[in-house]
Amino acid sequence: MKNIMLVCVAGMSTSLLVSKMQKAAQEQNIEADIYAIAEGEVEKVLATKKADVLLLGPQVRYLKGSFETKFKDMDFPIDVINMADYGMMNGEKVLQQALQLIG
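Below: a short report on this structure. Computed from a predicted model, the values in this text were never measured in an experiment. (Residues numbered from 1 in each chain as written. Predicted model: local features only at pLDDT ≥ 70, side-chain atom pairs only at ≥ 80, totals over all residues. Heavy atoms only, no water.)

### Considering the pattern of salt bridges
Between side chains of opposite charge, a pair can form as their charged atoms come close.
So, point 1. Taken as a whole and judged by the stated rule, the model has six salt bridges.
So, point 2. The shortest N-O distance in the salt bridge between lysine 49 and aspartate 33 comes to 3.3 Å. Of the two residues, lysine 49 is situated in the loop between helix H2 (42-46) and strand E3 (53-56) and aspartate 33 in strand E2 (residues 32-38); the sequence distance between them amounts to 16 residues.
So, point 3. Relative accessible area serves as the criterion here: at 31%, lysine 49 is assigned to the partly exposed category.
So, point 4. With a relative accessible area of 24%, aspartate 33 lands in the partly exposed category.
So, point 5. A salt bridge links glutamate 43 to lysine 70, with the shortest nitrogen-to-oxygen separation between them at 3.4 Å. Here glutamate 43, found in helix H2, pairs with lysine 70, found in helix H3 (residues 64-70); they are 27 residues apart in sequence, far enough to count as distant. (Salt bridge = Lys/Arg side-chain N within 4 Å of Asp/Glu carboxyl O. Helix = DSSP H or I, 4+ residues; strand = E, 2+ residues; numbered from the N terminus. Buried < 20%, exposed > 50% of the residue type's maximum accessible area, 1.4 Å probe, protein only.)

This is the structure we're talking about:
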């Protein structure tokens, strides 16, 4: 099971992307828990839920450095979702990005 956390301003704009990523994962028989949360909820959610990768929406890319510092002991990659893939809501491409980061 891959745990993929998407982070955006309010957790709303990424919900459509989450749906498209879940559909792509199902089609590829990949077991994944893909969820979107607001930037202010990350710490609270990580206290109870595992993440294998944390992907930031382009609108919160400025958080990457501080998140890498804050969560360095949790040992998961943090990256920004490609802006074109985000804009096109390309769930398959973003899923592939997450899986490549997980390794």
